[in-house]
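What follows is the residue order along each chain.
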Amino acid sequence: MTAVPLATFLGELESLRSAASAALSAAADASALEAARIEFVGARAGRLKAIQKLLGGLDVADKPAAGKHFNDTKAAIAELLAAAQGRLAGGPSGGVAQGIDVTLPGDRVPLGHFHPLTQTIRRVQEIMGRLGFESVDGPEVEDQWHNFEALAIPAAHPARDPLDNFYLAVAREADPLLLRSQTSTVQIRVMENREPPLRIVSLGRVYRPDTADATHYPMFHQVEGLLIEPGTTMAHLKSVLRLFASSFLGGDVHVRFRPSFFPFTEPSVEVDMEWGGRWIEMGGAGMVDPAVLEAVGYDPDQVSGFAFGLGVERIAARRYGVADIRDFYRNDVRFLRQF
Ligand code: DAH
């Protein structure tokens, strides 16, 4: 029997190694890998086993070298197999690490969001900003002048009654401070410090000792708007309110004015908005009263403008379909999560 030439044996080993390398690295799933394992290193009919049988036919002198190459190839294929198994299991950088399969969806860190009233305030600021109204703030603790006097609400006016306001128990008898009862205070503060033309909105908290019910709360929020420009009319006021309401609520919102009275506007109106077939009273508005313009040092013969005040809770409740404004303050995450 002629001996198997060493070169032939080494050639067989080499082609086995490259075929195994190609098959193991191409295996896309566990069953393909298992098939490759059986083909190359299967104990009974594997191709490595077949080559091992050739060893016996080699010349005795060639056997030590042949055996060494055989063992090297066997080890190399074992390594390729282990690498392929690791890759399919995800490997150290992308998969099973300490019992956690990072490829599974898992828990997400719960993301919070702004309170619905804060969302409403920001949205109003954004819409009014597009109409050229700058957003400004004012203090929540006010004096008599800014909350009442300059707004043409005289000392004897029932709106100043201690039972209707949160006066602060500090020693200022002649001019007691109070938690502001309206954001109209900011109109005064802005006009005192700036010259026309003006377009501002101010959103913030106001306080009144009302008993809490579905539509009242001792603390709530208002949007105040003020525009001082030559030639301003009630038609401009209505257009601005309608543009605002249509942007905020979406779709075609109708605005209705009903004659009313506020000390700081003349004429004065109640503002109703119709959306989804229902009319809702949203606040008050009017042309800035000449007495107010005088109080801040403007000349009423030269300057005119409009003002409006809307309830933030009201417009938020309307938009989100909230029936009871107390829900905004209960801090119940099941309610708040819905926004
Ligand atoms: N300040 C009024 C209130 O709290 C609302 C209001 C009415 C504001 C008419 C205005 C306005 O600017 O023009 O009831």
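Calculation notes
- Residues numbered from 1 in each chain as written.
- Predicted model: local features only at pLDDT ≥ 70, side-chain atom pairs only at ≥ 80, totals over all residues.
- Heavy atoms only, no water.
- Pairing = 2+ DSSP bridges.
- Helix = DSSP H or I, 4+ residues; strand = E, 2+ residues; numbered from the N terminus.
- Contact = heavy atoms within 4.5 Å.
- Axes fitted to C-alpha atoms, helices over the stretch in contact; angles between N-to-C directions.
- Core = buried A, V, L, I, M, F, W, Y, C linked by side-chain atoms within 4.5 Å.
- Buried < 20%, exposed > 50% of the residue type's maximum accessible area, 1.4 Å probe, protein only.
- Patch = residues over 30% accessible without salt bridge, like charges linked within 9 Å, V, L, I, M, F, W, Y side chains within 5 Å.
- Areas by Shrake-Rupley, 256 points an atom, 1.4 Å probe, with all protein chains shown as cover.
- Salt bridge = Lys/Arg side-chain N within 4 Å of Asp/Glu carboxyl O.
- Lys, Arg positive; Asp, Glu negative; His and termini not counted.
- Charge placed at Lys NZ, Arg CZ, Asp CG, Glu CD.
- Phe/Tyr/Trp six-rings, centres within 6.5 Å; stacked < 30°, edge-to-face > 60°.
- Lys NZ or Arg CZ within 6 Å of the ring centre and 35° of its normal.
- Parallel < 35°, antiparallel > 145°, perpendicular 65-115°, else oblique.
- Nonpolar A, V, L, I, M, F, W, Y, C, P; charged D, E, K, R; others polar.
- Domains from an automatic or database assignment.
- Near = heavy atom within 4 Å.
- Polar contact = N/O pair within 3.5 Å; in protein donor to acceptor, adjacent residues only side chain to side chain.

Asker: Could you give an account of the sheet that holds strand E9 (residues 254-262), with specific residues and numbers?
Answerer: If you trace the seven strands from one edge of the open sheet to the other, you get E3-E7-E8-E12-E11-E10-E9, paired in mixed fashion. Only two strands of the sheet have a single neighbouring strand rather than two, namely strand E3 (134-135) and E9. The pairing of strand E7 (residues 198-207) with strand E8 (residues 219-228) spans ten bridges and is antiparallel. Looking at E8, one finds that tyrosine 207 is bridged to methionine 219. Lying over the sheet, helix H6 (residues 116-130) contacts E3, E7, E8 and strand E12 (305-311), oriented at roughly 165° with respect to E7.

Asker: Tell me about the nonpolar core, and please be specific about residues and values.
Answerer: Counting residues in hydrophobic clusters, the biggest one holds 39 residues, and the most contacted among them are Val223, Leu241 and Phe308. With residues up to four places along the chain from it excluded, the contact list for phenylalanine 308 reads Met128, Val223, Glu224, Gly225, Leu237, Leu241, Gly284 and Ala285. If you look at the next biggest cluster of nonpolar residues, it comprises 22 residues, including Ala150, Leu151, Val288 and Val296.

Asker: Report on a negative patch on the surface, specifying residues and quantitative values.
Answerer: Negative charge collects at one region of the surface, where Asp161, Asp164, Asp210 and Asp213 lie side by side. Relative to the elements of secondary structure, aspartate 161 occurs in the loop between helix H7 (144-147) and strand E5 (166-167).

Asker: Quick one: what's the story with the packing of aromatic side chains, residue by residue and with numbers?
Answerer: The description of an aromatic ring pair uses the distance of the two centres, along with the angle that the planes make with each other. Tallied over the entire structure, the rule returns seven aromatic pairs. Aromatic ring contacts, followed pair by pair, group Tyr320, Phe328, Phe335 and Phe339 into a single cluster. In this structure, lysine 238 is placed above the aromatic ring of phenylalanine 257, and the distance from its NZ or CZ to the ring centre is 5.2 Å. Taking the ring centre of tryptophan 279 as reference, the NZ or CZ of arginine 256 above it sits at 4.1 Å.

Asker: Explain the pairing of E8 residue by residue, including any values.
Answerer: One face of the sheet, then the other: side chains in a regular strand alternate in exactly this way. Among the ten residues in E8, ten count as buried, and that is most of the element. With burial as the criterion, each face of E8 is covered, one bearing Met219, His221, Val223, Gly225 and Leu227 and the other bearing Phe220, Gln222, Glu224, Leu226 and Ile228. In terms of strand pairing, E8 meets E12 through seven bridges, oriented antiparallel. If you follow isoleucine 228 over to E12, its bridge partner there is glycine 305.

Asker: Explain the packing of helix H1 (residues 6-26) against helix H2 (residues 30-41) to me, and be specific about the residues and the numbers.
Answerer: At a closest axis distance of 10 Å, the pairing of H1 and H2 adopts a crossing angle of 170°. It follows from the interaxial angle that H1 and H2 lie roughly antiparallel. Residues Leu16, Ala19, Ala20, Ala23 and Leu24 of H1 form the contact with H2, whose participating residues are Leu33, Ala36 and Phe40. A per-class count over the contact of H1 with H2 returns eight nonpolar, no polar and no charged.

Asker: How would you sum up helix H8 (residues 185-193)? Please name residues and give values.
Answerer: Buried within H8 we find Thr185, Val186, Gln187, Ile188, Val190 and Met191. Those residues of H8 that are buried lie in contact with strand E4 (141-142), H7, E7, E8, helix H10 (290-295) and E12.

Asker: I'd like a description of the domain arrangement of the protein, backed by residues and values.
Answerer: Partitioning the protein into domains gives domain 1 (6-88) and domain 2 (116-336). One C-alpha centre belongs to domain 1, the other to domain 2; they are set 85 Å apart.

Asker: Now, about the site of the ligand: what can you tell me, with residues and values included?
Answerer: Near the ligand, the surroundings consist of 15 residues, among which Gln182, Ser184, Arg208, Gln222 and Glu224 are the closest. Between the ligand and arginine 208, the relevant distance is 2.7 Å, taken from an oxygen atom to a side-chain nitrogen or oxygen of the residue. Measuring from an oxygen atom of the ligand, one finds a backbone N or O atom of phenylalanine 308 at 3.3 Å. Computed on the free molecule, the ligand has an accessible area of 350 Å², of which 90% lies beneath the protein chains in the complex. Going through the elements one at a time, E8, strand E11 (278-288) and E12 are the ones with two or more residues in the shell around the ligand.

Asker: Outline the sheet that holds strand E6 (residues 178-179), supporting the account with residue identities and numerical values.
Answerer: If you walk across this open sheet you meet the three strands as E4-E6-E5, and the pairing is antiparallel. Edge strands, defined here as strands with exactly one partner in the open sheet, are E4 and E5.

Asker: Quick rundown of the pattern of salt bridges? Include the residues and the values.
Answerer: Applying the stated criterion across every chain, the model contains 19 salt bridges. With its nearest N and O atoms 2.9 Å apart, the salt bridge here joins glutamate 149 to arginine 160. Here glutamate 149, found in the loop between H7 and E5, pairs with arginine 160, found in the loop between H7 and E5; they are eleven residues apart in sequence, far enough to count as distant. On the basis of relative accessible area, arginine 160 is assigned to the buried category, the value being 10%. Three or more residues joined by partner-sharing salt bridges are found here, namely Arg256, Arg258, Asp272, Glu281 and Arg314.

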